[in-house]
Amino acid sequence: MQSSAALMLVNEWAMDRNAIARPACHAYCWPQIFLGIQEKERSRMERTASKPAQVTAYGLRSGVLSPMETLAQSVSTMAPTTTPVATIPLVCALAGNGTWLAYVLATCAVLLVAWCVARYAGYSASPGSLYSYVSMTLPPWLGAVAAWSLLLAYVATGSSVIGGFYHYANLLLRDATGHGTSAAMLAVIVTAISIAIAWRDVKISARLMLWIEALSVTLILILVTLVLVWHGLHLDASQLHLAGMTGGGLRLGLVLALFSFVGFESATTLGSEARNPMKTIPRAVIQSAILSGAIFIVCAYAEVLGFRIVGQDLGASQAPMRVLAGVGGAPILGLLIDIGALVSLFAGTLACITAAARVLLLMSHHGLAHRSLRKTHVKHETPGKAILVTGVAAVAPVAILALRGASGLDVYGWLGSLATYGFIVTYALVSFALPKYLSQRGAVTVGTRIVAGLACAAMVLALVGNLYPVPEGPYGKLPYIYIGYLVAGLAWFVVSARSRKAALAKI
C-alpha cells in the first residue's frame, strides 16, 4: 500500500515536471506564446491540486460524517468548556491582567499552525492525521517521531480530561449528598463508557460530542454576557493597560494558554470517514481554531473583570463559574456550567480515544505498531482493538494517580502538560515540512514559506517556554518522561524496520 502510494506521488510529480518543462522550451524561442501556455499550465495545476485524491478507508466507514460532525471531533478534543472553568484561572495566576493578551497571542500562533494543517488536509486525507503529513515529506525517522508524539498527545489529553472528570464529578456529588466516591472508579467508568460508544459507531460519537459541547459553551457565553452587561459594557482599563503584568508571567501564561487549543486539528483523524474530506476537514481545522480562540479571549477578559468586581483571586479559584454566576445575578448558571463541564470532559475523553485509535490504526498499517491493531470491526467498521488499547492507556495512569491520592486538577495539569510536548513537536514538524510538500506539487509560494516558518518558530518558542525555566515539582519530570517515551518509540521503529528489511531480503 505504501509503495503504491509512493509510486502514484512519483508519477504525478514527474508529469508535473514534464508539463512544466515543455512550456519552458517555448519560452526560449517564443516568449509571447510561452506566456499564454504558462498561464494555461498554472490554471491546470490549480485545477489538479483542487481535485480530491483517492481516500483509503482502512476498513473504516467511508463518508459517514457530515461537516458539522467532523467539526465536532476537533471541538470536543479541545473540550472548550474546560478552558473557562480550569485553564483560564491557571493562566491568570501567571499573566494577571495580561490573560486576555496571552490568549490573543496563543490564538495567532494556533491559526498559523491551523493554516499549515489545512493546506495539507486539502491534498491528503487518512486516519493518520498530522503523522501522515510528516511521513509524506520528511525522513522516515521524523515520521516516526511525529507518529509517537501525536499518539502520546491524544492519549495524555484523554488522561488529563479523565482527571478533570473525576474532580468535577466528586465536586457535584459532595454538593448533592455531602459525600464523594472513589476517583479511580469514576475514571474507569467514564473511560469504559467512552470506549463502548467509540467502538459502536463513530457517527453516534460525533453527534453526541457536538450537542454536548454546543450546550456547555452556550451556557458559558450566556454567563459571560451577563457579567459584561452588569459591568455596563465599558472597557476595563486595568486589563487594557496590562497593569501589573510582567514579561515572564505573560510568556509562561502564553505557553499554558496554548494547552487550551491542543487537539484543534483532530478532525484530520477522520480523513477516511468524513464526507468530501478534502474540503470539510480543512474547514473544520480553521473553524475550530477561530471559534475557540474568540471564545477563549472573551472568557478570559470577562473572568478577570468579574473577579475584580467581587475582589477575589481568579488564579486561586476552584469553581470560577459559580463566582461569575453570582456577579451576573444568575447563580443557577454556575451549577449548570459545572454540570456542563463534567459532561464536556466526558466528551473530551471520547474524542481523544476516537482520535488516538485512528492514529494507532495507521501506525499499525505502516509497521510502527503491532499488526493486530490494524483490524476493524466487520459490522461497526471501527478500529476496535486500537480503541481498547488507547482507552486503557489513557485511564491507567489516572487510576494509579487517583489511588495514590492525587487530586483531579493535579492530574489534569500534569498529564495535560505532558500532552503539550507531543502536540507542540508534531505541530512544529508539520509546519516545517509544508513548504517542501507544496514544492513537490508546484504550489509553494513565498507567503507559504513565511507562514510555515512563523508557525514552526512559534512552536519552537512554546517548547522552550515549557522547558525554561525548569518547572518545579512533578512538572520538571515531564520532559524526561516524554524523551524516554520517544526513545522507546524510535527503538521500536528501528527494530521493526530491520525486521521488514530482513523479511524482504528472504523473498
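In this numbering scheme, every chain counts its residues from 1 along its sequence in written order. Per-residue local features of the predicted model are confined to residues with pLDDT of at least 70, and side-chain atom pairs are confined, for both listing and counting, to 80 or more; whole-chain, interface and lining totals are unaffected and use all residues. The basis for every side-chain value is the complete set of heavy atoms in the structure, and neither hydrogens nor water enter the calculation.

(A) Looking closely at helix α7 (residues 140-177). The end-to-end C-alpha distance of α7, which contains 38 residues, comes to 55 Å, matching closely the 56 Å that a straight helix rising 1.5 Å per residue would cover. Put simply, DSSP H or I for four residues or longer makes a helix, DSSP E for two residues or longer makes a strand, and each gets a number counted from the N terminus. Positive backbone phi, at 85°, marks Gly178, one or two positions downstream of α7. Expected span of a helix: the number of residues minus one, times 1.5 Å.

(B) Molecular detail of the side chain of Thr99. With respect to the helices and strands, the residue Thr99 is situated in helix α5 (residues 99-121). Residues count as neighbours in contact if any of their non-hydrogen atoms are within 4.5 Å of one another. Ignoring anything within four residues of it in the chain, the contact list for Thr99 reads Ile88, Val91, Cys92, Ala300 and Val304.

(C) Structural detail: the side chain of Glu303. Inspection of the secondary structure assignment puts Glu303 in helix α12 (residues 277-310). Partly exposed describes any residue whose relative accessible area lies between the buried limit of under 20% and the exposed limit of over 50%, with all areas from a 1.4 Å probe on protein chains only and scaled to the type maximum. Note that His is not counted, nor are the chain ends; the positive residues are Lys and Arg, and the negative ones are Asp and Glu. We count a salt bridge whenever a side-chain nitrogen from Lys or Arg sits within 4 Å of a carboxyl oxygen from Asp or Glu. Although Glu303 lies buried, it forms no salt bridge, and the closest oppositely charged side chain, Arg308, sits 13 Å away as judged by the N-O distance. Residues in contact with Glu303, not counting those within four places in the same chain, are Pro84, Ile88, Pro89, Leu314, Pro320, Met321 and Leu324.

(D) Summary view of the environment of Ile297. By the secondary structure assignment, Ile297 is in helix α12. We classify Ile297 as partly exposed; its relative accessible area is 25%.

(E) View of unusual backbone geometry. Here Leu242, not a glycine, exhibits a phi torsion of approximately 55°, which is positive. On the secondary structure map, Leu242 appears in the loop between α10 (237-240) and α11 (247-258). A positive phi is found at Asn276, a non-glycine position, where the angle reads about 45°. Here Asn276 shows up in the loop between α11 and α12. Assessed through its relative accessible area of 40%, Asn276 is described here as partly exposed.

(F) Layout of the packing of α5 against α11. Axis lines are fitted to C-alpha atoms, over the contacting stretch for helices. Their N-to-C directions set the angle, which ranges from 0 to 180 degrees. Packing of α5 against α11 brings their axes to within 8 Å, and their N-to-C directions diverge by 55°. Comparing their axes, α11 and α5 come out oblique. The handedness of the crossing between α5 and α11 is right-handed. For the pair formed by α5 and α11, the contact residues are Leu101, Ala102, Tyr103, Leu105, Ala106, Ala109 and Val110 on the first element and Leu250, Gly253, Leu254, Ala257 and Leu258 on the second. Each residue receives one of three labels: charged for Asp, Glu, Lys and Arg, nonpolar for Ala, Val, Leu, Ile, Met, Phe, Trp, Tyr, Cys and Pro, and polar for the others, Gly being one of them. The residue inventory of the contact of α5 with α11, partitioned by class, reads 11 nonpolar, one polar and no charged. Put simply, angles under 35 degrees are roughly parallel, angles over 145 are roughly antiparallel, angles from 65 to 115 are roughly perpendicular, and the rest are oblique. What makes a crossing left-handed is the near helix being turned counterclockwise from the far one by less than a right angle; a clockwise turn instead makes it right-handed.

(G) Broad picture of the packing of aromatic side chains. Ring geometry is summarised as follows: Phe, Tyr and Trp rings, the Trp one being its six-membered ring, pair when their centres sit within 6.5 Å, and such pairs are stacked at plane angles under 30 degrees, edge-to-face over 60 and tilted between the two. Under the counting rule described, the total for this entry stands at 11 aromatic pairs. Here Phe264 and Tyr427 contribute two aromatic rings whose centre-to-centre distance is 5.4 Å and whose plane-to-plane angle is 55°, an arrangement assigned as tilted. You can see Phe264 sitting in the loop between α11 and α12 and its partner Tyr427 sitting in helix α16 (residues 408-440), a full 163 residues away along the chain. Residue Phe264 is classed as buried on the basis of its relative accessible area of 1%.

(H) A look at a nonpolar patch on the surface. For patches, a residue must show more than 30% relative accessible area and have no salt bridge; joins then use 9 Å for like charges and 5 Å for nonpolar side chains, namely Val, Leu, Ile, Met, Phe, Trp and Tyr. Note that accessible areas follow from Shrake-Rupley with a 1.4 Å probe, and for residues the cover is restricted to the protein chains shown. Judged by side-chain polarity, Ile332, Leu335, Leu336, Ile339 and Val343 come together as a nonpolar surface patch covering roughly 370 Å² of accessible area. Here Leu335 is to be found in helix α14 (residues 331-365). A relative accessible area of 36% places Leu335 in the partly exposed class.

(I) Up close: the pattern of salt bridges. Inspection of every chain in the model, using the stated rule, returns four salt bridges. For Asp236, the salt bridge goes to Arg308, with nearest N and O atoms at 2.4 Å. In this pair, Asp236 is assigned in the loop between α9 (202-231) and α10 and Arg308 in helix α12, connecting sequence segments 72 residues apart. Taking relative accessible area as the criterion, Asp236 reaches 7% and is therefore assigned buried. Assessed through its relative accessible area of 33%, Arg308 is described here as partly exposed. Between Glu273 and Arg358 there is a salt bridge, with its nearest N and O atoms 2.8 Å apart. On the criterion of sequence distance, the pair formed by Glu273 in the loop between α11 and α12 and Arg358 in helix α14 is long-range, its members being 85 residues apart. For Glu273, a relative accessible area of 0% translates into the label buried. Connected through salt bridges with shared partners, the residues Asp175, Arg322 and Asp338 form a single ionic network.

(J) Representation of the environment of Ser160 within the structure. The topology assignment puts Ser160 in helix α7. Judged by relative accessible area, Ser160 falls into the buried class, the value being 0%. With residues up to four places along the chain from it excluded, the contact list for Ser160 reads Phe259, Val411, Tyr412, Leu415 and Gly416.

(K) Broad picture of the packing of helix α4 (residues 82-95) against α11. At their nearest, the axes of α4 and α11 sit 7 Å apart, and the two run at 165° to each other. The angle between α4 and α11 falls in the class roughly antiparallel. Once α4 is placed against α11, the crossing between them reads as right-handed. Within the contact between the two elements, α4 uses Thr87, Leu90, Val91, Leu94 and Ala95 and α11 uses Gly249, Leu250, Leu252, Gly253, Leu256 and Ala257.

(L) Expanded view of the environment of Ser132. You can see Ser132 is positioned in helix α6 (residues 129-137). Note on Ser132: relative accessible area 6%, which makes it buried. Filtering out sequence-adjacent residues up to four positions away, Ser132 remains in contact with Ser126 and Leu362.

(M) View of the nonpolar core. We define the nonpolar core as a collection of buried residues of types Ala, Val, Leu, Ile, Met, Phe, Trp, Tyr and Cys that are connected through side-chain atoms lying within 4.5 Å of one another. Ranked by size, the top nonpolar core spans 145 residues in total, and within it Phe264 and Met363 carry the most contacts. The residues contacting Phe264, other than those within four sequence positions of it, are Ser74, Met78, Val110, Val113, Ala114, Val285, Ser288, Ala289 and Tyr427.

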